[in-house]
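Residue strings, one per chain:
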Amino acid sequence: MLTNLKVDPAELPKRVIVCGDPKRAALISSKLENQRKIGENREYHSYAGTWKGVEVAVVSHGVGSPGAAVCFEELAKGGVEYIIRVGTAGSYQREIEPGSLVISSAAVRQDGLTSQLVPAGFPAVANRRVADALVEAAKADASGLNVAEGITLTLDVFYSGVIEFPHKLYQKAGVLAVEMENSALFVIAALRGMKAGSILAIDGYADADLLESYNPHTDAMAKAIEAEALIALNAVIAVSE
């Protein structure tokens, strides 16, 4: 039994979709045939079923790299081989508007967790086969949404304090979006032999005042999350064929 996920590894498929919100995990898993819950503990809600005849799991990991890392590590211990994160992010680029999708090819490591796992120069990079599978699936399943691929940034802070984070610096460097878990996923996948990727629905602009402009509950976001879930499901089975 996996300690924190409370999942029997014998029930865990080799292909997994992960997301932060347990409710989103339930929503994504409802698309599976023969869907069943295989574990529940804290923020970690786990489901299994089949997608187009292939066994797939959907697991929620909560918010932020430390808690998500617990999920990723235990999925690795459970024998998972392919893992795709279906998440949300704030855009750094004006042309990547809310409701767009971003496929992350790599993550800037501005989280605190990965610096305690690997040296400073170690890259957080998506598996190229998984990223390509997401790109190909998006061509068929993006529902007309704007889709971009590139570097994202992982940060621990959601609401700003007295220290101002240099968002505009990374914006100028061409980073597409900022979120809170990708670097943990990519580094742990590299360390533990999993193949990982990530697709993100854009819910606002990262340099805006979140208290005034952040709204992840719009119709456009619902459409983007629906699209990225289908893209990820199709990609996670295509990459392992």
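Keep in mind that what you see is a predicted model, and the values were worked out from it rather than measured.

Caption draft 1: Summary view of the pattern of salt bridges. For the structure on display, the rule yields nine salt bridges. For R36, the salt bridge is made with E55, and the minimal N-O distance between the two is 3.8 Å. In this pair, R36 is assigned in strand β2 (residues 33-41) and E55 in strand β4 (residues 54-60), connecting sequence segments 19 residues apart.

Caption draft 2: Region of the structure containing the nonpolar core. Of all hydrophobic cores here, the largest spans 35 residues; its most connected members are I17, I28, I84, L101, L134, I199 and I231. In terms of residue count, the dominant contributor to this core is helix α7 (residues 219-238) (11 residues). Beyond its immediate chain neighbours, meaning those up to four positions away, L101 contacts L145, N146, V147, A148, I199, L200, A201, A224, A227, E228 and I231. Core analysis: the next-biggest nonpolar cluster, separate from the first, contains 32 residues, A48, A57, L113 and A196 among them.

Caption draft 3: Looking closely at the side chain of E181. Topologically, E181 is positioned in the loop between β9 (177-179) and α5 (182-192). Given a relative accessible area of 6%, E181 falls into the buried group.

Caption draft 4: Highlighting the packing of helix α3 (residues 128-141) against α7. Interhelical geometry of α3 versus α7 gives an angle of 130 degrees and a closest axis separation of 8 Å. Classified by the interaxial angle, the pair formed by α3 and α7 is oblique. Of the two possible hands of crossing, α3 and α7 adopt the one that is right-handed. Here A133, L134, A137, A138 and D141 of α3 come into contact with α7, specifically with A227, L230, I231, A232, N234 and A235. Here the residues of the contact of α3 with α7 sort into nine nonpolar, one polar and one charged.

Caption draft 5: Representation of helix α1 (residues 22-29) within the structure. Within α1 the residues assigned to the buried category are R24, A25, I28 and S29. Burial along α1 is one-sided: seen end-on, the buried residues are contained in an arc of 135 degrees. Summarising the contacts, the buried residues of α1 are in contact with β1 (15-19), β2, β3 (44-51), β4, β5 (82-91) and α7. The N-terminus of α1 is capped by D21, whose side-chain oxygen sits 2.9 Å from the backbone nitrogen of K23.

Caption draft 6: A look at the environment of S104. Mapped onto the secondary structure, S104 falls in strand β6 (residues 101-110). Spatially, the C-alpha atom of S104 lies 5.5 Å from that of S198, the residues being 94 residues apart in sequence. Discounting chain neighbours no more than four positions away, the residues touching S104 are A126, G150, T152, N182, F186 and S198. Within the structure, S104 has its side chain in polar contact with the backbone oxygen of A106 (distance 3.1 Å).

Caption draft 7: Main features of the packing of aromatic side chains. Enumeration over the complete set of coordinates arrives at two aromatic pairs. Between F158 and Y159, the ring centres sit 4.8 Å apart and the planes meet at 80 degrees, which makes this aromatic pair edge-to-face. Look at F165 and Y170: their rings are 5.7 Å apart centre to centre, the planes differ by 5 degrees, and that puts the pair in the stacked class. When its relative accessible area of 21% is taken as the criterion, F165 is described as partly exposed. For R94, the ring lying beneath its charged end belongs to Y205, and the centroid distance is 4.1 Å.

Criteria and cut-off values
- Residues numbered from 1 in each chain as written.
- Predicted model: local features only at pLDDT ≥ 70, side-chain atom pairs only at ≥ 80, totals over all residues.
- Heavy atoms only, no water.
- Salt bridge = Lys/Arg side-chain N within 4 Å of Asp/Glu carboxyl O.
- Helix = DSSP H or I, 4+ residues; strand = E, 2+ residues; numbered from the N terminus.
- Core = buried A, V, L, I, M, F, W, Y, C linked by side-chain atoms within 4.5 Å.
- Buried < 20%, exposed > 50% of the residue type's maximum accessible area, 1.4 Å probe, protein only.
- Contact = heavy atoms within 4.5 Å.
- Axes fitted to C-alpha atoms, helices over the stretch in contact; angles between N-to-C directions.
- Parallel < 35°, antiparallel > 145°, perpendicular 65-115°, else oblique.
- Left-handed = near helix turned anticlockwise from the far one by under 90°.
- Nonpolar A, V, L, I, M, F, W, Y, C, P; charged D, E, K, R; others polar.
- Arc of directions from axis to C-beta.
- Polar contact = N/O pair within 3.5 Å; in protein donor to acceptor, adjacent residues only side chain to side chain.
- Phe/Tyr/Trp six-rings, centres within 6.5 Å; stacked < 30°, edge-to-face > 60°.
- Lys NZ or Arg CZ within 6 Å of the ring centre and 35° of its normal.

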